[in-house]
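# Descriptive analysis of the structure
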Amino acid sequence: MSRAGARPLSLAAVLLLLLAACSSGGRDPDGHRSPDRWRPGPGTAWQWQLDGPVDPRTDVPVYDIDGFENTAADVARLHRDGRKVICYVNAGAWEDFRADHAAFPASVRGKPNGWEGERWLDIRRLDTLRPLMERRLDMCRDKGFDAVEPDLLDGYLNDTGFPLRPRHQLAYNRMIARLAHERGLSVGLKNDLPQIPELVDDFDFAVNEECAQYGECDRLRPFIEAGKAVFHAEYALPPSAFCPQARRLGLSSMRKNLRLDAWRRPC
């Protein structure tokens, strides 16, 4: 049929075409369709509190809190105050104090990592760890979190008791990012500075500890250059020693106590 003789589309048909067009675009580097998830930009202020009941009085747009220790009501309270909320979970070590600790077989538990009750995980065992991490990320999603901070994504740089290689860490970290994105959660790359060039496209922001102390903050530039926040904390240096560089780079920096209670000194 020629264009001149075609019937005009009904309103319903037009709406269906628009819906199909919208649903076909926007894909992540891993090929999955990208949901409308939160993407924090450089310089976004934050609070990081993993110890004690969350103090909601800090006037910042982002809170990073423990996923197990906080409830959906705690997340909703922060949302009512206009905050985005990040779910802290440990993705690289077994913790004997978590509700799901018995689900981790002894075969994936390695050497102690220096924190009481924790042991490194054998991240080569994707078949075993995937369903366990899926359940943890389901918990974050179901409690209403906007994003996840998976801790200890750099086991290959440590004495874990397993022969971990960079390729194992890349595969594991990308799996974690993919699982988070499948649940509509943003996800941050925690430390793992050597692999930032390879992982910056897979993650929505970075979380870093003590890059200034060790003279490594420049290695976080790829996130800033990609328009992604770097949430950064120092424990030993005074703000005067790291804030000038943090401002130049666009980092979201503050000094924290090592136990990560409510106290903070932002740049």
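Procedures and definitions
- Residues numbered from 1 in each chain as written.
- Predicted model: local features only at pLDDT ≥ 70, side-chain atom pairs only at ≥ 80, totals over all residues.
- Heavy atoms only, no water.
- Pairing = 2+ DSSP bridges.
- Helix = DSSP H or I, 4+ residues; strand = E, 2+ residues; numbered from the N terminus.
- Axes fitted to C-alpha atoms, helices over the stretch in contact; angles between N-to-C directions.
- Core = buried A, V, L, I, M, F, W, Y, C linked by side-chain atoms within 4.5 Å.
- Buried < 20%, exposed > 50% of the residue type's maximum accessible area, 1.4 Å probe, protein only.
- Contact = heavy atoms within 4.5 Å.
- pLDDT = per-residue confidence, 0-100.
- Phe/Tyr/Trp six-rings, centres within 6.5 Å; stacked < 30°, edge-to-face > 60°.
- Lys NZ or Arg CZ within 6 Å of the ring centre and 35° of its normal.
- Salt bridge = Lys/Arg side-chain N within 4 Å of Asp/Glu carboxyl O.

Moving on: the sheet that holds strand β8 (residues 186-190). Read across the sheet, nine strands follow the order β1-β2-β3-β7-β8-β9-β10-β11-β12 without closing on themselves; strand pairing throughout is mixed. Looking at the sheet topology across the chains shown, the edges are occupied by β1 (46-49) and β12 (264-266). In this sheet, neighbouring strand axes are inclined to one another by 25 degrees on average, regardless of whether the strands run parallel or antiparallel. With five bridges connecting them, strand β2 (residues 62-66) and strand β3 (residues 84-90) associate as parallel partners. Within β3, the residue paired with tyrosine 63 across the bridge is valine 85.

Right, let's get into the nonpolar core. General note: in soluble globular proteins, nonpolar side chains tend to be found buried as a group. Counting residues in hydrophobic clusters, the biggest one holds 54 residues, and the most contacted among them are Phe104, Met133, Cys140, Tyr172, Phe203, Phe223 and Leu251. The biggest single contributor to this core is helix α4 (residues 166-182), with seven residues. Ignoring any residue separated from it by four or fewer positions in sequence, one finds methionine 133 in contact with Asn90, Ala91, Phe104, Leu121, Tyr172, Ile176 and Leu179. Counting 14 residues, the second-largest nonpolar core is a separate cluster that includes Trp38, Trp46, Trp48 and Tyr235.

Model confidence for the protein is summarised by a mean pLDDT of 90, while 87% of its residues fall at 70 or above. Note that pLDDT drops below 50 for residues 1-33; the model gives that stretch 22 contacts with residues more than four away or on any other chain.

This next bit is on the packing of aromatic side chains. Under the counting rule described, the total for this entry stands at four aromatic pairs. Measuring from ring centre to ring centre gives 6.1 Å for tryptophan 38 and phenylalanine 205, while their planes differ by 50 degrees; the resulting arrangement is tilted. Of this pair, tryptophan 38 sits in the loop between α1 (11-23) and β1 while phenylalanine 205 sits in strand β9 (residues 205-209); the two residues are 167 residues apart in sequence, bridging distant segments of the chain. The buried category is assigned to phenylalanine 205, whose relative accessible area is 0%. Between tryptophan 46 and phenylalanine 231, the ring centres sit 5.1 Å apart and the planes meet at 35 degrees, which makes this aromatic pair tilted. With tryptophan 46 in strand β1 and phenylalanine 231 in strand β10 (residues 230-234), this pair connects stretches of sequence that are 185 residues apart. One Lys or Arg, arginine 109, reaches over the ring of tryptophan 94 and ends 4.2 Å from the middle of that ring.

Before going further, it helps to spend a moment on the pattern of salt bridges. Pairing between side chains becomes possible if they bear opposite charge and their charged atoms approach one another. Summed over all chains, the structure comprises 23 salt bridges. In this structure, arginine 77 and aspartate 81 form a salt bridge, with 3.4 Å as the shortest nitrogen-oxygen distance. A residue is classified by how much of its surface remains accessible, and aspartate 81, at 37% relative accessible area, is partly exposed. For arginine 136, the salt bridge goes to glutamate 95, with nearest N and O atoms at 3.8 Å. Residue arginine 136 is located in helix α3 (residues 126-142), and its partner glutamate 95 is located in strand β4 (residues 93-95); the two are separated by 41 residues in the primary sequence. Across this residue pair, the class does not change: arginine 136 and glutamate 95 are buried. Through salt bridges with shared partners, a single network forms among Asp66, Glu69, Glu95, Arg98, Asp100 and Arg136.

Here we come to the sheet that holds strand β5 (residues 109-112). Spatially, β4-β6-β5 is the arrangement adopted by the three strands of the open sheet, whose pairing is antiparallel. This sheet does not close on itself; its edge strands, each paired only once, are β4 and β5. In this sheet, adjacent strand axes meet at a mean angle of 40 degrees when their direction is disregarded. Pairing geometry for β5 and strand β6 (residues 118-121), over two bridges, is antiparallel. Counted as the bridge partner of proline 112 is arginine 119 from β6.

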